[in-house]
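# Coordinate inspection notes
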Amino acid sequence: MRLSLNKKRYVDVNLYFQDEARFGLMTHLGKFLTASGVKPIVEYQHVFKTTYLYGSYSPINGDSFVWEINGVNTTIFEAYLKEFSLYKPNEYKIVVINNAGFHSVKNIEIPDNIYLLNIPPYSPELNPCEQVWQYIKNRYKNQRFKNMEELKDWLHQFVKKMDNQLIKSITSNHHYIDAFYASFKK
């Protein structure tokens, strides 16, 4: 793949892992720190309104591109890829995706600066995005949001605070990094 890369058009190559996660108004209960013998009190609500984060995270340099949108389907995934391609347009992006049904690339247009690479089916442990979602959801637990706007605002602020060093520390895996540098950074 490196030999066919247009070096005049793409000044850099980066590896990203992509995934989606659902967040909603239903309170997710988790462990809570209290004084010994004191039961924690968490306001709970049972509301089925949700939104999704689409995210691409790089274990190479900690770069990230995150989109918040209501839903998951092929049309949204295609729009996400188009917007992601406009983010650092001179960067060739190798994007590792899972085998979700809406990731089917048969009938979608994939931007020129994006190459999609599937991980094996039923292997979420191979996608470092899962650790990013877990990191966010651990801070999302035991919270109650009045409405979707409040939840979306919390998500936007939280994602903005996640800097490159934090992303690298969460997604870093020496197997991926070694393979990337062996293939593209000669």
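Refer to the structure printed above.
Let me begin by describing the structure that accompanies this report. This one's a predicted model, so the numbers in the text were calculated from it and none came from an experiment.

### A closer look at the overall build of the protein chain
The helix and strand inventory of the protein chain stands at five helices and five strands. For the protein chain, the N- to C-terminal ordering of α and β elements is β-β-β-α-β-β-α-α-α-α. Classification of the 186 residues of the protein chain by burial places 41% in the buried group. Looking at the protein chain alone, contacts between residues at least 24 apart form 66% of all its contacts between residues at least 6 apart.

### A look at the pairing of strand β2 (residues 50-57)
Along any regular strand the residues' side chains alternate between the sheet's two faces. Burial analysis of β2 places seven of its eight residues in the buried class, the great majority of the element. Two strands pair when backbone bridges link them, and strand β1 (residues 12-24) and β2 are joined in this way by eight bridges, in the antiparallel orientation. By the bridge assignment, Phe 17 is partnered in β2 with Tyr 57. Strand direction decides the pairing type here: β2 and strand β3 (residues 64-69), joined by six bridges, are antiparallel. The residue of β3 that forms the bridge with Ser 56 is Phe 65.

### Remarks on the pattern of salt bridges
For the structure shown, the criterion picks out three salt bridges. With a shortest N-O distance of 2.8 Å, Lys 88 and Asp 63 are connected by a salt bridge. Pair noted here: Lys 88 is in the loop between α1 (74-86) and β4 (91-97) and Asp 63 is in the loop between β2 and β3, with a separation of 25 residues, a long-range link. The exposure class of Lys 88 is partly exposed, given its relative accessible area of 37%. The residue Glu 68 makes a salt bridge to Lys 152 at a minimum N-O spacing of 3.6 Å. Pair noted here: Glu 68 is in strand β3 and Lys 152 is in helix α3 (residues 148-161), with a separation of 84 residues, a long-range link. By relative accessible area, which is 22% here, Glu 68 ends up partly exposed. Given a relative accessible area of 21%, Lys 152 falls into the partly exposed group.

### Quick look at the packing of helix α2 (residues 129-140) against helix α4 (residues 164-171)
Their axes nearest at 8 Å, the elements α2 and α4 cross at an angle of 115°. When the axes of α2 and α4 are compared, the crossing they make is right-handed. Listed contacts from α4 to Gln 131, Val 132 and Tyr 135 of α2 are Leu 166, Ile 170 and Thr 171. Here the contact of α2 with α4 is built from residues that sort into four nonpolar, two polar and no charged.

### A short note on the packing of α2 against α3
In contact at an axis separation of 12 Å, α2 and α3 are set at 130° when each is read in the N-to-C sense. Taken as axis vectors, α2 and α3 run oblique relative to one another. Of the two elements, α2 crosses α3, and the hand of that crossing is right-handed. In this structure, α2 contributes Tyr 135, Ile 136, Arg 139 and Tyr 140 to the contact, and α3 contributes Leu 151, Trp 154, Leu 155, Phe 158 and Val 159. Classifying every residue of the contact of α2 with α3 by side-chain character gives eight nonpolar, no polar and one charged.

### What to know about the sheet that holds β2
Pairing within the open sheet is mixed, and its five strands lie in the order β3-β2-β1-β4-β5. Of all the strands in the sheet, the pair left with one neighbour each is β3 and β5 (114-118). Geometrically, the sheet is characterised by an average inter-axis angle of 25° between neighbouring strands, direction not taken into account. Here six bridges tie β1 to β4, and the two strands are oriented parallel to one another. Bridge assignment links Val 13 to a residue of β4, and that residue is Tyr 92. α1 contacts β1, β2, β3, β4 and β5 of the sheet and is inclined by roughly 145° relative to β3. In the packing of helix α5 (residues 174-184) onto the sheet, contacts are made with β1 and β4, and the angle to β1 comes to roughly 145°.

Conventions and cut-offs
- Residues numbered from 1 in each chain as written.
- Predicted model: local features only at pLDDT ≥ 70, side-chain atom pairs only at ≥ 80, totals over all residues.
- Heavy atoms only, no water.
- Helix = DSSP H or I, 4+ residues; strand = E, 2+ residues; numbered from the N terminus.
- Buried < 20%, exposed > 50% of the residue type's maximum accessible area, 1.4 Å probe, protein only.
- Contact = heavy atoms within 4.5 Å.
- Pairing = 2+ DSSP bridges.
- Salt bridge = Lys/Arg side-chain N within 4 Å of Asp/Glu carboxyl O.
- Axes fitted to C-alpha atoms, helices over the stretch in contact; angles between N-to-C directions.
- Left-handed = near helix turned anticlockwise from the far one by under 90°.
- Nonpolar A, V, L, I, M, F, W, Y, C, P; charged D, E, K, R; others polar.
- Parallel < 35°, antiparallel > 145°, perpendicular 65-115°, else oblique.

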